[in-house]
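# Residue-level structure breakdown
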Amino acid sequence: AKYAPQYGGFCAYGAAGGYKAAIDPASFSVVDGKLYLNYDRTVQKEWKKDVPGFIAKANKNWPTVSTQTKVIE
């Protein structure tokens, strides 16, 4: 349970951008004991440019994003 993925297991960068996206299980980060997944390695590079900023955006957006049915594959 400690490392349960954030944002329902969807891409954290996508959640920060206001949408659900699939993930590559090999593209992940553990920040302050929490697991964040990313769409792919390219997205992960962008994510790493401002992890605290993207987490703040994703946390703000997640209540709305979590209700979306469309998932970017």
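See the structure above.
This section reports on the structure supplied with the text. These numbers come from a predicted model, not from an experiment. (Residues numbered from 1 in each chain as written. Predicted model: local features only at pLDDT ≥ 70, side-chain atom pairs only at ≥ 80, totals over all residues. Heavy atoms only, no water.)

## Focus on a nonpolar patch on the surface
Inclusion rule: Each patch is assembled from residues with relative accessible area greater than 30% and no salt bridge, linking like charges that lie within 9 Å and nonpolar side chains (Val, Leu, Ile, Met, Phe, Trp, Tyr) that lie within 5 Å. In short, Shrake-Rupley with a 1.4 Å probe defines the accessible areas, and a residue's cover is counted only from the protein chains shown. By convention in these notes, a salt bridge is any Lys or Arg side-chain nitrogen within 4 Å of a carboxyl oxygen on Asp or Glu. The secondary structure listing takes helices from DSSP runs of H or I that are at least 4 residues long and strands from runs of E that are at least 2 residues long, numbered from the N terminus.
A cluster of nonpolar side chains, Tyr3, Phe28 and Val30, forms an exposed patch at the surface whose accessible area comes to about 290 Å². Assignment of secondary structure puts Val30 in strand 2 (residues 28-31).

## A word on the nonpolar core
Considering soluble globular proteins, one finds that nonpolar side chains tend to be buried as a cluster. The following threshold applies: Within this scheme, the nonpolar core is defined by two criteria: the residues are buried Ala, Val, Leu, Ile, Met, Phe, Trp, Tyr or Cys, and they are joined through side-chain atoms within 4.5 Å. When a residue's accessible area, from a 1.4 Å probe over protein chains only, is under 20% of the maximum for its type it is buried; when over 50% it is exposed; and in between it is partly exposed. Whether two residues are in contact is decided by their heavy atoms: any pair within 4.5 Å suffices.
The biggest cluster of nonpolar side chains holds 10 residues, and these are Tyr7, Ala12, Ala15, Ala16, Tyr36, Trp47, Val51, Phe54, Ile55 and Ala58. Listed by contribution, the elements that provide at least two residues to this core are helix 1 (12-17) and helix 3 (51-65). Here this core gets four residues from one element, more than from any other, and that element is helix 3. The contacts of Trp47, once residues within four sequence positions are left out, are Ala12, Tyr13, Ser29, Tyr36, Asn38, Phe54 and Ile55.

## Overview of the pairing of strand 2
For the record, the criterion: A pair of strands is considered paired only if DSSP assigns at least 2 bridges between the two.
Here strand 2 runs beside strand 3 (residues 34-37); their pairing, made up of four bridges, is antiparallel. Counted as the bridge partner of Val30 is Leu35 from strand 3. Where strand 2 folds back onto strand 3 in an antiparallel hairpin, the turn is made up of two residues, including Asp32, whose phi is positive at roughly 50 degrees.

## Here's the deal with the side chain of Ser29
Of note, Ser29 is situated in strand 2. Looking at Ser29, the relative accessible area reads 9%, which means it is buried. Not counting chain neighbours up to four residues away, the residues in contact with Ser29 comprise Lys34, Leu35, Tyr36, Gln44, Trp47 and Lys48.

## Looking at unusual backbone geometry
Backbone geometry at Tyr7 places phi at a positive 60 degrees, although glycine is not the residue there. With respect to the helices and strands, the residue Tyr7 is situated in the segment before helix 1. By relative accessible area, Tyr7 is classed as buried at 6%. Not every positive phi belongs to a glycine, and Asp32 is a case in point at roughly 50 degrees. Note on placement: Asp32 falls in the loop between strand 2 and strand 3. A residue is classified by how much of its surface remains accessible, and Asp32, at 79% relative accessible area, is exposed.

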